[in-house]
Amino acid sequence: MKSRMHIKLKRLKPSKIFQISIIILQHLCFLFLLLLLFVFSNSSDAFSPSPATTSNLFRTTRQLSFQQRQRRIPKSTSSLRMVFTTPSSVIEQASTKILLDDLIDESVRTSARYPVMMQFDPSSGWIWRRWRGTVFSETWRTFLTNMVYASIVCLIFKCYKTQFLQNLSGFNILWGQLLSVTTFTLTFFLNQSYSLWRNCYGFSRRLQGRLNDLNMTLAAHAARVEPTKYRISKDSKDSSSSTAAAAAAATTATTNGSNDSNPEEEPVFSTYTESARQVLELMARYVRVFNLLTYASFTGSHRPLLTPQGMRRLVDRGIITEDERKVLSDVQVPVTQRHNVLLLWIMRLFHDARKAGHIEGSDGFEQQFLEKCHVIRAQYGSIGDELAGRMPLAYAHIVQVLVDVILWMYPFMAFSTGMTPFLGVLGTGLLTMFYQGLFDLAKQFLDPYDNENYGKGDDPLCIDTLIAETNAGSVRWMNGLAEKPFALEKIQNGDTLDYQLPLRGWTAEETDEREEKARMELEREMLEQNAAEWRAISSDDQAIPAFLERKILEIDDDDNDNVGGNINADEQIMDECQNVTQENMTMEEALEQMQECTEKVP
């Protein structure tokens, strides 16, 4: 029997052997595909959001530790004994504290350290030199794998070239049809994924903008203390320097909290009442906490803050009070819905402050404020809706299959049409980079907040930046209207001429004339003051020597200032030079400084 089988095998032609090997290979590939389908059907959905929280991580760690103890795994003799003798609860507590402190440190900033997304230079040279966050860093492993696969196909083609050409005749037509379908489907899939990413970014920005609207509206309607005395130039039409001097004196008086001549004089500018300021500060803190808990509800990076350890750490760090933590922990809402409670606190605080008279405004103002709160609820609710229904599984599955099939079939098409081995292998790598790169880019767009870390976290939306910008906006409007330059009494009396200036300002010649007139007026006042002092002491002969001695000392002090006679004078001159240097900086330096300090307000 064995001899007969051996004779039959000898009689088989090489073409028959190749055909049998092709059939066996097809069956093996089919079995491999069935195995893959079985594995993926039993695994979790790759496209479902599954942020890893700290509690799940610790629970998994404890389970693994228990299993290791049950198996009695021997300890390594080269390890430090102190590591194994330290209780696991202590290690867990220390790691949790470090993690939470890092999250809180980034969440309380009022200036973002990074842009909300990676910025780029439009020049082609700069773009080509980038690696991180590009298609090169995402597809280089698949690029090399498929090139190795194409090299293996090339070796088989060289061994069985005739059989390859006979069995793969017209294969390029089939591949071309699949390529057109794949290209259209992939580009449309990428467009839909980018639309989801853009929608989530738009919802985040609109949420930030509506929170700024709340603080801006409250700052404009907060109760204020109006001054009864004003420090404004007597004749603003005659002297611009007098107006500048009055403004400088007013600023100094406001900074010191009193008048230079009388410390008990009322402030020059209108300010918040103490109760209104406290309401604005509390509202700003609730806005910051609401924004933080909102992003913690649908992002895996800040989810640990919602755990019991995270809430207690927020109390320790002064973000919330102990009473607020108890209320948030005991309220009958899901953990990921605690930000809704903060929104209700904001609405109720506004109602109580308005009822107490700390916030002014009519019923229309209250309706507008509540409407803003409703818009805020709609914005953060839309973010969760977009993430929950981002893409059907069947759509992502068919695109993945199409991309993989055209990449696997390309080497057979290339070598069957007479393409050189070099171009065949290189073309496989290039197609992998572009088609697989587009599909990977679409997957990153489907995860805008980097919950799955699919793209290695290179270019997601930076949550810390969004939180920091909202933190800055929570106090921007309150501080912006801390002082008001115009008085309510003058507005009521129609006496606003002191605030009126020319439509196009004064010309350069008029400004020089006004400055010269102000300088001459100042010199005249000084001469009159000296003359008055001389007349006052001329009647007393004993006071004349003292007056002359004082004038001589003033002249000596001026000389010391000019030549640097002593150390104190030198230090004073250096300080003045530094101030002059800052005030007289060039236009380019001033613009650079403004660019560094500029914040984008949505």
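Nothing here was measured: the structure is a model prediction, and the numbers come from that model. Throughout this document, residue positions are counted from 1 along each chain, in the order its sequence is written. Local features in this predicted model are restricted to residues whose pLDDT is 70 or higher, and side-chain atom pairs enter the listing and the counts only when it is 80 or higher, whereas totals over whole chains, interfaces and linings include all residues. Computation of side-chain values covers all heavy atoms of the structure but excludes hydrogens and water.

Draft legend 1. Looking closely at the overall build of the protein. Each helix corresponds to a stretch of at least 4 residues labelled H or I by DSSP, and each strand to a stretch of at least 2 residues labelled E; elements are numbered beginning at the N terminus. When its secondary structure is counted, the protein shows 23 helices and two strands. Throughout, exposure labels follow a simple rule: accessible area from a 1.4 Å probe, protein chains only, divided by the maximum for the residue type, with under 20% read as buried, over 50% as exposed, and the rest as partly exposed. Among the 602 residues that make up the protein, the fraction classed as buried is 32%. Contacts are assigned to residue pairs with any non-hydrogen atoms lying within 4.5 Å of each other. The long-range share in the protein, meaning contacts at least 24 apart out of those at least 6 apart in sequence, stands at 78%. Note on areas: Shrake-Rupley, 1.4 Å probe, and residue coverage restricted to the protein chains presented here. If you sum the accessible surface of the protein, you get close to 38500 Å²; carbon and sulfur atoms cover 59% of it.

Draft legend 2. Local environment of the packing of aromatic side chains. Only rings of Phe, Tyr and Trp enter the pairing, Trp through its six-membered ring, and a pair is recorded when the two centres are within 6.5 Å. The plane angle decides the type: under 30 degrees is stacked, over 60 is edge-to-face, the rest tilted. One pass over the structure, following the stated rule, counts 16 aromatic pairs. When the ring of Y194 is compared with that of W197, the centres are 5.9 Å apart and the planes differ by 15°; the resulting orientation is stacked. Pair noted here: Y194 and W197 are both in helix 9 (residues 171-221), with a separation of three residues, about one helical turn. For Y194, a relative accessible area of 34% puts it in the partly exposed group. Taking relative accessible area as the criterion, W197 reaches 8% and is therefore assigned buried. A centroid spacing of 5.5 Å and a plane angle of 55° characterise the contact between F298 and Y449, whose relative ring orientation is tilted. Of the two residues, F298 is situated in helix 11 (residues 274-298) and Y449 in the loop between helix 17 (421-445) and helix 18 (463-480); the sequence distance between them amounts to 151 residues. One exposure class covers both F298 and Y449, and it is buried. In textbook terms, an aromatic cluster arises when at least three aromatic residues are bridged by ring pairs, as seen for Y194, W197, Y201 and F445. Cation over ring: R130 sits above W126, and NZ or CZ is 4.3 Å from the ring centre. Whether a charge lies above a ring is judged from NZ of Lys or CZ of Arg, which has to be within 6 Å of the ring centre and within 35 degrees of the ring normal.

Draft legend 3. Structural view of the environment of I319. Of note, I319 is situated in the loop between helix 12 (308-316) and helix 13 (322-330). Considered as a pair, I319 and R288 are 31 residues apart in the sequence and their alpha carbons are 8.9 Å apart. Aside from chain neighbours lying at most four places away, what touches I319 is I104, V108, R285, V289 and L314.

Draft legend 4. Molecular detail of helix 18. Compared with the 26 Å implied by 1.5 Å per residue over 18 residues, the 26 Å span of helix 18 between its first and last C-alpha is a close match. When helix 18 is considered as a whole, its buried residues turn out to be I463, T465, L466, I467, A468, E469, T470, N471, A472, G473, S474 and M478. Expected helix span is computed as 1.5 Å times (number of residues minus one).

Draft legend 5. Looking closely at the nonpolar core. Counting 89 residues, the largest nonpolar core has F290 and Y449 as its most contacted members. Residues contacting Y449, with those up to four places away along its chain left out, are C200, S204, Y295, F298, T299, I383, L387, L461 and I463. What we call a nonpolar core is a set of buried Ala, Val, Leu, Ile, Met, Phe, Trp, Tyr and Cys residues that are connected through their side-chain atoms within 4.5 Å. Formed by five residues, the second largest nonpolar core is a distinct cluster that contains M147, A150, V425 and M433.

Draft legend 6. Representation of the packing of helix 12 against helix 13 in the model. It is the contact of helix 12 with helix 13, at a shortest axis distance of 9 Å, that shows an interaxial angle of 160°. Taken together, the axis directions place helix 12 and helix 13 in an arrangement best described as roughly antiparallel. Where helix 12 crosses over helix 13, the handedness of that crossing is right-handed. For the pair helix 12 and helix 13, contact is made by M311, R312 and V315 and by E322, R325 and L328, respectively. Throughout this entry, Asp, Glu, Lys and Arg are counted as charged residues, while Ala, Val, Leu, Ile, Met, Phe, Trp, Tyr, Cys and Pro are counted as nonpolar. The remaining residues, Gly among them, count as polar. When grouped by side-chain class, the residues that make up the contact of helix 12 with helix 13 number three nonpolar, no polar and three charged. Lines are fitted to the C-alpha atoms to define the axes, a helix being fitted only along its stretch in contact, and any angle between axes, read from their N-to-C directions, falls within 0 to 180 degrees. An angle below 35 degrees is treated as roughly parallel, one above 145 as roughly antiparallel, one from 65 to 115 as roughly perpendicular, and anything else as oblique. Each crossing gets its handedness from the near helix: less than a right angle anticlockwise from the far helix is left-handed, clockwise is right-handed.

Draft legend 7. Quick peek at the packing of helix 9 against helix 17. In contact at an axis separation of 8 Å, helix 9 and helix 17 are set at 30° when each is read in the N-to-C sense. With respect to each other, helix 9 and helix 17 are oriented roughly parallel. Both helix 9 and helix 17 take part in a crossing whose hand is left-handed. In this structure, helix 9 uses W175, L179, T182, T183, L186, F189, L190, S193, Y194, L196 and W197 to contact helix 17, whose residues at the interface are L431, Y435, L438, F439, L441, A442 and F445. Of the residues belonging to the contact of helix 9 with helix 17, the class tally is 15 nonpolar, three polar and no charged.

Draft legend 8. Looking closely at the confidence of the model for the protein. In the predicted model, the protein carries a mean pLDDT of 75, and the fraction of residues at 70 or more is 65%. For every residue, the predictor states its confidence as a pLDDT score lying anywhere from 0 to 100. Long-range and interchain partners of residues 232-267, a stretch whose pLDDT sits below 50, account for 43 contacts in this model, where long-range means more than four residues apart. Here residues 562-581 is a poorly scored stretch, pLDDT under 50, and it has six contacts once near neighbours within four places are set aside; other chains count.

Draft legend 9. Representation of the side chain of R325. Take R325: it is sitting in helix 13. Residue classification places R325 among the buried residues on the basis of a relative accessible area of 17%.

Draft legend 10. Expanded view of the side chain of S416. Residue placement: S416 occurs in helix 16 (residues 393-416). When sequence neighbours within four positions are dropped, the list of residues in contact with S416 reads L165, L168 and F171.

Draft legend 11. Fine view of the pattern of salt bridges. The term salt bridge refers to a pairing of a side-chain nitrogen on Lys or Arg with a carboxyl oxygen on Asp or Glu at a separation within 4 Å. Evaluation of the coordinates by the stated rule reveals 21 salt bridges. The partner of E469 in a salt bridge is R205, with the nearest N and O atoms 2.4 Å apart. One end of the pair, E469, is in helix 18; the other, R205, is in helix 9, and 264 residues separate them in sequence. Taking the relative accessible area as the measure of exposure, E469 reaches 17% and is therefore buried. Taking the shortest distance from any N to any O, the salt bridge between R277 and E281 comes out at 4.0 Å. A residue pair is termed a helical-turn pair when its members lie 3 or 4 positions apart in one helix, as R277 and E281 do in helix 11 at four residues. A residue is classified by how much of its surface remains accessible, and R277, at 24% relative accessible area, is partly exposed. Three or more residues are tied together by salt bridges with common partners; here these are D101, D105, R313, D316 and R317.

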